[in-house]
Structures are given as C-alpha cells and as structure tokens.
Amino acid sequence: MTRFSPLEWPVLRQLRSGDVLGRGPAVESPRTRALEPRTKTADRVVQSVCPFCAVGCGQKVYVKDEKVIQIEGDPDSPISRGRLCPKGSSSEQLVNNPLRQTKIRYRAPYATEWQDLDRDTAIDMIADRFVEARRHGWQDFDEHGRPLRRTMGIASLGGATLDNEENYLIKKLFTAAGAIQIENQARI
C-alpha cells in the first residue's frame, strides 16, 4: 500500500490545480480516474426505440460480440433528448434476462404441463380458433331484420408496447373480420 502524502489532501489538490469549487479533477480519486465506461468496449452502437410505451423515446443500444451490453437514452432523439424513464432504463434487463421466454409455450385445456410448439403450429392453432370463434359468433341481422354484419365471438385488446403502425394494422384486421370490441391498453 502506498504511503499517503499530505499533498494529496483534497483541499490542497483544489488549490494546486485551480479547481477552487472542487468539482473537477481535484476531487477525483485514483480509482475514479482508472474507471472506464461499459460502453467503451462496444463493437457497435445501434439506434432503437424504447419498447415499453407509445411515446417512442430514442435509445442507443451498445452491442459487443452480438450481445447487448448497455442501453442508454439517445441525445439525438427529438422526443426524449437522451432521457429514459425507469422502465426504459431497464430495457437491457428485458433483453438479457435469463428467465426471458424464447420459445412458444402452450398448455392445453385441463393439462398440468406446458409444451413447446413450433411457430407454424402455433400460428395455425390461433388462426383456426379465430375463424371458428368468428363463425360461431357471427350476426347478420338483428331481431328487427336490420343488417349487422358483425361478430361477438372475438375481441381485441392491444398493448401500448406496439407502435402506431402495428396498432393501426391490428385495428384494420379486427374491423375487417367484423369485430366491434376493439380496445387498446393505452386508452384504458
């Protein structure tokens, strides 16, 4: 361990360096001077948008060896100007969480165990159920003979993590299918 010199006292360092208010290099310890940012070792920086709400805050995603190592606010974003809320600041944990589901999981009715499905099987199951629910709940006319052309068998509840374009397409899909119960979490 090196011997401490009185010349290294913070007040003397302030006076010697001209850092009178003690807000610059005079108050840095050797450990602080040796620190490097996590982002310094990144292979590349990718601009992105926060996935948590419909605001669309800009993010800088730092990637090393094809793995996200840090996510920060993008100062060039006209929306957030480099700031992120607590949820946006935790985006890196969302990406790198070891408990994150990366497979399609399905539990059949009354089953006690989950099973993995491939994507095509899951999409086919969803489409079949969608068409059957639409067919089963379809109403051409009301009791007075007025045209309805709607289904009460399907509804949509969208999420705020989708962007405007995705929500627009979902609204168009469900409207074209005859659904009238279309809502979004951002409005609730």
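Above this note sits the structure.
Since we're looking at a predicted model, the values are computed, not measured.

The strands that make up a sheet are held in pairs by hydrogen bonds between backbone atoms, and each pair lies either parallel or antiparallel. Taken in spatial order, the 3 strands line up as β1-β2-β3 in an open sheet, and their pairing is antiparallel. Single-partner strands in this sheet number two, and they are β1 (44–49) and β3 (67–73). Recorded for the sheet is a direction-independent mean angle of 30° between the axes of neighbouring strands. Strand direction decides the pairing type here: β1 and strand β2 (residues 58–64), joined by 6 bridges, are antiparallel.

Inspection of the sheet shows β2 paired to β3 by 6 bridges, in the antiparallel sense. Of the residues in β3, the one forming a bridge with K60 is E72. The antiparallel hairpin formed by β2 and β3 contains 2 residues in its connecting segment, where D65 sits at a positive phi of about 55°.

What follows covers the pattern of salt bridges. A pair can form between side chains of opposite charge whenever their charged atoms are brought close. Here the structure, examined in full by the defined rule, presents 7 salt bridges. The partner of E36 in a salt bridge is K40, with the nearest N and O atoms 3.3 Å apart. Given a relative accessible area of 55%, E36 falls into the exposed group. By relative accessible area, which is 55% here, K40 ends up exposed. For E132, the salt bridge is made with R135, and the minimal N-O distance between the two is 3.3 Å. In this pair, E132 and R135 both sit in helix α5 (residues 119–136), 3 residues apart, roughly one turn of the helix. Overall, E132 belongs to the partly exposed group, its relative accessible area being 43%. Beyond isolated ion pairs, a larger network of salt bridges with shared partners links K103, R105 and D116.

Attention now goes to the side chain of T39. As for its position among the elements, T39 is in the loop between α2 (30–34) and β1. Since its relative accessible area comes to 19%, T39 is described here as buried. In contact with T39, not counting residues within four places along its chain, are Y62, Q70 and E72.

On to the packing of aromatic side chains, then. Two measures describe an aromatic ring pair: the distance that separates the ring centres and the angle between the ring planes. A full pass over the atoms with the stated rule returns 1 aromatic pair. Ring centres 5.5 Å apart and planes at 75° place the aromatic pair F130 and F174 in the edge-to-face group. Here the residue F130 occupies a position in helix α5, and F174 occupies one in helix α6 (residues 164–176), the gap between them amounting to 44 residues. The partly exposed category is assigned to F130, whose relative accessible area is 23%.

Time to look at a nonpolar patch on the surface. A cluster of nonpolar side chains, L7, W9, V11, L12 and L15, forms an exposed patch at the surface whose accessible area comes to about 530 Å². The residue L12 is located in helix α1 (residues 10–17) in this model.

Rules used throughout
- Residues numbered from 1 in each chain as written.
- Predicted model: local features only at pLDDT ≥ 70, side-chain atom pairs only at ≥ 80, totals over all residues.
- Heavy atoms only, no water.
- Pairing = 2+ DSSP bridges.
- Helix = DSSP H or I, 4+ residues; strand = E, 2+ residues; numbered from the N terminus.
- Axes fitted to C-alpha atoms, helices over the stretch in contact; angles between N-to-C directions.
- Salt bridge = Lys/Arg side-chain N within 4 Å of Asp/Glu carboxyl O.
- Buried < 20%, exposed > 50% of the residue type's maximum accessible area, 1.4 Å probe, protein only.
- Contact = heavy atoms within 4.5 Å.
- Phe/Tyr/Trp six-rings, centres within 6.5 Å; stacked < 30°, edge-to-face > 60°.
- Patch = residues over 30% accessible without salt bridge, like charges linked within 9 Å, V, L, I, M, F, W, Y side chains within 5 Å.
- Areas by Shrake-Rupley, 256 points an atom, 1.4 Å probe, with all protein chains shown as cover.

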